[in-house]
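Below are the chains, spelled out letter by letter.
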Amino acid sequence: MVQLIDSDIKTREVLGWRGVHVLHFAGSSCSQKLRVFLNLKGIAWQSHPIDLPGYENMQPWFLGINPRGLVPVLVHDGAVHIESNDIIQYLERKFPRPRLIPAGHETEVATLLKHEDDLHLDLRTLSFRFVFAPPGPPKPAAALESYAAHGAGTVQGVSDHEKQVQIEFWQRAAREGFTDDRARASAQRFRAEFGKLDKTLARQPYLMGNDLSVLDIAWLIYAHRLSLAGYPFARLHPHLHSWAEKLRAMPEFAKEIGQLRHAPEQLDAIHRAQAGKTLEAVAGF
Ligand SMILES: N[C@@H](CCC(=O)N[C@@H](CS)C(=O)NCC(=O)O)C(=O)O
């Protein structure tokens, strides 16, 4: 669980926020995952949108709440929680009904969610290459400089390395873009993972059995983003494809995943504009 301690939090006003507050961005996959979870739970929450395209997450006010500069962040009765999967597991304990983590499976779910989080930079690579496709560097040097200049900050009292990981990701993107080699490696990691999920979904309706769980939420968000990137789910993973169609149709999901910048007809043009190469062509699927 990543709950910040008092000395980590420099933007002190949040300590006075009562109830459930979420700092998030409409089009962020981790924010979407948390919002779907909140919808399914029926938890009332106050929204604090953070403008990622305007680099608000790299400014001192937000870094004083989450030193990593990442969304989402939960502030619950003045306590600050970061890392979407930790936030979800924390809220599951605080708001146990309806259950979205099966009783007795908490440790297993934590491990499986960690697995999902490990692919987050691969998701970002494929999103920037095939969905957002910015014409220039995704983060301008000035935004990165102000982000870096603010210092590493502490998480639970310990100097935090995660921000450096983020800075290196964006610097590399500015240097070389999201190359074919990088996109291929990321797509292949997903293919291996989705192959396993597809086998599970051939046997049962949801990833943990007969009931929907946080794992379905987490993987649907990734699968949805990658479907926008042109990942050929119907051909490669038919069970996963049907499961995704079923979840996408639920209002608790539909409300959150419709908020991307591009309409479907624009996406095809973007996929092709990438030196004429689609994800399928780059990945060799
Ligand atoms: N492991 C983190 C990842 C959070 C993350 O990378 N969030 C992205 C949005 S999905 C973000 O804030 N990106 C910052 C940016 O684009 O500058 C979590 O699960 O909360």
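As the structure is a prediction and not an experimental result, all values here were calculated from the model. (Residues numbered from 1 in each chain as written. Predicted model: local features only at pLDDT ≥ 70, side-chain atom pairs only at ≥ 80, totals over all residues. Heavy atoms only, no water.)

## Observations concerning the domain arrangement of the protein
- By the assigned domains, the protein splits into domain 1 (6-105) and domain 2 (113-137 + 177-283).
- Approximately 1,900 Å² of surface area, both sides summed, lies buried where domain 1 meets domain 2, with 62% of it carried by carbon and sulfur atoms.
- The tally of links between domain 1 and domain 2 comes to 2 salt bridges.
- A salt bridge links Lys-33 to Glu-116; the nearest nitrogen and oxygen atoms lie 3.2 Å apart.
- Where domain 1 touches domain 2, the interface holds 9 residue pairs in polar contact (both at pLDDT 80 or more).
- Among the secondary structure elements, those contributing two or more residues to the side of domain 1 that touches domain 2 are helix H1 (29-41) and helix H3 (84-94).
- Here the side of domain 1 that touches domain 2 gets 9 residues from one element, more than from any other, and that element is H1.
- Its residues placed into classes, the side of domain 1 that touches domain 2 shows 10 nonpolar, 8 polar and 4 charged. (Domains from an automatic or database assignment. Buried area = accessible area lost by both parts, 1.4 Å probe. Salt bridge = Lys/Arg side-chain N within 4 Å of Asp/Glu carboxyl O. Polar contact = N/O pair within 3.5 Å; in protein donor to acceptor, adjacent residues only side chain to side chain. Helix = DSSP H or I, 4+ residues; strand = E, 2+ residues; numbered from the N terminus. Nonpolar A, V, L, I, M, F, W, Y, C, P; charged D, E, K, R; others polar.)

## Some words on the packing of helix H5 (residues 120-132) against helix H7 (residues 162-176)
- Contact pair H5 / H7: the axes reach a minimum separation of 12 Å and the direction vectors enclose 25°. On the basis of the axis angle, H5 is roughly parallel to H7. Crossing of H5 over H7 shows right-handed handedness. Residue-level contacts link Leu-121, Arg-124, Thr-125 and Phe-128 of H5 to Val-165, Gln-166, Phe-169 and Trp-170 of H7.
- The residue inventory of the contact of H5 with H7, partitioned by class, reads 5 nonpolar, 2 polar and 1 charged. (Axes fitted to C-alpha atoms, helices over the stretch in contact; angles between N-to-C directions. Parallel < 35°, antiparallel > 145°, perpendicular 65-115°, else oblique. Left-handed = near helix turned anticlockwise from the far one by under 90°. Contact = heavy atoms within 4.5 Å.)

## Considerations on the site of the ligand
- Taken together, 16 residues lie around the ligand, and Asn-57, Glu-83, Ser-84, Asp-117 and Lys-139 are the ones closest in.
- In this structure, Ser-84 approaches the ligand through a side-chain N or O atom, which is 2.6 Å from an oxygen atom.
- Contact with the protein chains covers 92% of the free accessible surface of the ligand, which is 510 Å².
- For the shell around the ligand, the elements supplying multiple residues, two or more each, are H1 and H5.
- Here the shell around the ligand is composed, by residue class, of 7 nonpolar, 5 polar and 4 charged.
- A domain-level breakdown of the shell around the ligand finds at least three residues from each of domain 1 (6-105) and domain 2 (113-137 + 177-283). (Near = heavy atom within 4 Å. Areas by Shrake-Rupley, 256 points an atom, 1.4 Å probe, with all protein chains shown as cover.)

## Points about the nonpolar core
- Of all hydrophobic cores here, the largest spans 68 residues; its most connected members are Phe-190, Phe-194, Trp-219, Leu-226, Tyr-231 and Trp-243.
- For this core, the element with the most residues is helix H9 (residues 214-228), which contributes 11 residues.
- Formed jointly, this core draws a minimum of three residues from each of two domains, domain 1 (6-105) and domain 2 (113-137 + 177-283).
- Setting aside anything within four residues of it in sequence, one finds Tyr-231 in contact with Ala-187, Phe-190, Arg-191, Phe-194, Leu-226, Leu-236, His-237, Leu-279 and Phe-285.
- Counting residues in hydrophobic clusters, the runner-up holds 16 residues, among them Val-71, Val-73, Val-75 and Ile-82. (Core = buried A, V, L, I, M, F, W, Y, C linked by side-chain atoms within 4.5 Å. Buried < 20%, exposed > 50% of the residue type's maximum accessible area, 1.4 Å probe, protein only.)

## Describing H7
- Between the first and last C-alpha of H7 there are 21 Å, a value that for 15 residues agrees with the 21 Å anticipated at 1.5 Å per step.
- Those residues of H7 that fall on the buried side of the exposure criterion are Lys-163, Gln-166, Ile-167, Phe-169, Trp-170 and Ala-173. The arc enclosing the buried residues of H7, seen along the axis, measures out at 160°, which places them on a common side.
- Buried residues along H7 sit against helix H2 (60-63), H5, helix H6 (141-149) and helix H8 (180-203).
- Positive backbone phi, approximately 70°, marks Gly-177, located one or two places after H7. (Expected span 1.5 Å × (residues − 1). Arc of directions from axis to C-beta.)

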